[in-house]
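Here are the chains, one letter per residue:
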Amino acid sequence: MMQAPRLRRSVLYVPASNDKALAKLASLSCDAVVIDLEDAVAPSEKAAAREKLAKILGNRPAGVREMVVRINALSSEWGADDMAAAVACRPDGILLPKVETPRDVLEAGDRLDKAGAPETLRLWSMVETPRGLMNLGAIAELARDAASRLSCLVAGTNDLAAMTGVLATPERRYLRPWLMQMVLAARAGGLDILDGVSNDFRDLDAFAAECGEGAAMGFDGKTLIHPAQIAPAEAAFSPSPAALAEAERIVAAFKLPENAGKGAIGLDGRMVELLHCAQAETLLAKAAMIAK
């Protein structure tokens, strides 16, 4: 079961406790914002940050397509209150940290159901622990049932590197196998998958290269920690003019009367299958959303 295409090229984390950063949201063009109650908020500030949610979500920036709240783990002392506050504010999604088993997602979904949350409120899942990575196939498979609410996976590369002791080199050579595993699991479950953050927000050339690598791996977008990263991320994860032209040719070719009902056709000297047509239609749909 594939979900409808969404634009998630640039997804910016903003601490719920950072009034200065929150005030800038209306001027930003990112596809989605994650209001963070977890890692970016000190324990002493969590209650105050939670209380700000209603105001933050009640003044949604016009240009932001999705607003998501990252709560603390439901097993923590703050998780239940975070979940209740988030549900009351009706965000587009709730990002669950440190998901390790399918049960973590199912429990969150049960809480949303009991709270009467609308079906449009989706769950996003962080992939940031060794156990979560090992169980990722089963977690992603939940998305085959829309009742699970699972919509998106998010790579938590900082935590994963810290927990495993893997050296986080600039080119991410030791993380690549795990990143590709995340993409594979996401596609198996029909989910979107977002690449992890880049901590050096001043080196935008290196960041752009990392975005290009993420796009080549198959990620749908990039999680960000600074507004300066929005433009490079959107450039990397937007379809190129050449890709769009190719997609238009494929879709047009399958619409020809002589190709009706065919599962594969010849185009420009190569074989093109229906799956390529579906990919082309998704690409064109995203291009149309970008143009709006």
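Report on the accompanying structure. (Residues numbered from 1 in each chain as written. Predicted model: local features only at pLDDT ≥ 70, side-chain atom pairs only at ≥ 80, totals over all residues. Heavy atoms only, no water.)

## A word on the environment of V64
In step 1: Within the fold, V64 resides in the loop between α3 (53-58) and β3 (66-70).
In step 2: Under the relative-accessibility criterion, V64 is labelled buried at 6%.
In step 3: When the C-alpha positions of V64 and V11 are compared, they lie 9.7 Å apart, and in sequence the two are 53 residues distant.
In step 4: Not counting residues within four places of it along the chain, the set of residues in contact with V64 comprises L25, C30, D31, A32 and V33. (Helix = DSSP H or I, 4+ residues; strand = E, 2+ residues; numbered from the N terminus. Buried < 20%, exposed > 50% of the residue type's maximum accessible area, 1.4 Å probe, protein only. Contact = heavy atoms within 4.5 Å.)

## Here's the deal with the environment of E281
In step 1: For E281, the location among the structural elements is in helix α13 (residues 274-291).
In step 2: As a C-alpha pair, E281 and P170 span 111 residues in sequence and 35 Å in three-dimensional space.

## As for the nonpolar core
In step 1: Within the largest apolar cluster, 62 residues are counted, with the highest numbers of intra-cluster contacts made by I35, M83, I94 and M182.
In step 2: Residues within four places of M182 in sequence aside, it is in contact with V127, L133, L136, L153, A155, L160 and I193.
In step 3: Grouped together as the second largest cluster of nonpolar side chains are 12 residues, A32, V34, W124 and C152 included. (Core = buried A, V, L, I, M, F, W, Y, C linked by side-chain atoms within 4.5 Å.)

## Details of the packing of aromatic side chains
In step 1: Using the criterion set out here, one finds 0 aromatic pairs in the structure.
In step 2: The ring of W78 has K46 sitting right over it, with the charged end atom 5.0 Å from the ring centre. (Phe/Tyr/Trp six-rings, centres within 6.5 Å; stacked < 30°, edge-to-face > 60°. Lys NZ or Arg CZ within 6 Å of the ring centre and 35° of its normal.)

## Examining the sheet that holds strand β5 (residues 122-127)
In step 1: Read once around its circumference, the closed barrel built from 8 strands follows the order β1-β2-β3-β4-β5-β6-β7-β8, with strand pairing classed as parallel. On average, adjacent strands in this sheet sit at an angle of 25 degrees to one another, irrespective of strand direction.
In step 2: In the sheet, β3 pairs with strand β4 (residues 93-96) via 3 bridges, with the strands oriented parallel. Pairing of V68 across the sheet is with G93, part of β4. (Pairing = 2+ DSSP bridges. Axes fitted to C-alpha atoms, helices over the stretch in contact; angles between N-to-C directions.)

## With respect to the layout of surface pockets
In step 1: The space that makes up the largest pocket amounts to roughly 740 Å³.
In step 2: In terms of residues, the lining of the largest pocket owes the most to one element, α13, which gives 7 residues.
In step 3: The calculated volume of the second largest pocket comes to roughly 360 Å³.
In step 4: Contributing to the lining of the second largest pocket are 19 residues, with T169, P170, R172, S198 and E210 lying nearest its centre.
In step 5: Residue contributions to the lining of the second largest pocket peak at 5 residues, all from helix α10 (residues 204-217).
In step 6: When grouped by side-chain class, the residues that make up the lining of the second largest pocket number 8 nonpolar, 5 polar and 6 charged. (1 Å grid on protein atoms, 1.4 Å probe; cavity = no way out; pocket = protein on both sides within 12 Å on 5 of 7 lines; lining within 4 Å. Points joined across faces, edges and corners; volume = space filled by probe spheres on them. Nonpolar A, V, L, I, M, F, W, Y, C, P; charged D, E, K, R; others polar.)

## Section: the side chain of D82
In step 1: Looking at where D82 falls in the secondary structure, it is placed in helix α4 (residues 79-89).
In step 2: Other than its neighbours up to four places away in sequence, D82 contacts L37, R50, I71 and N72.

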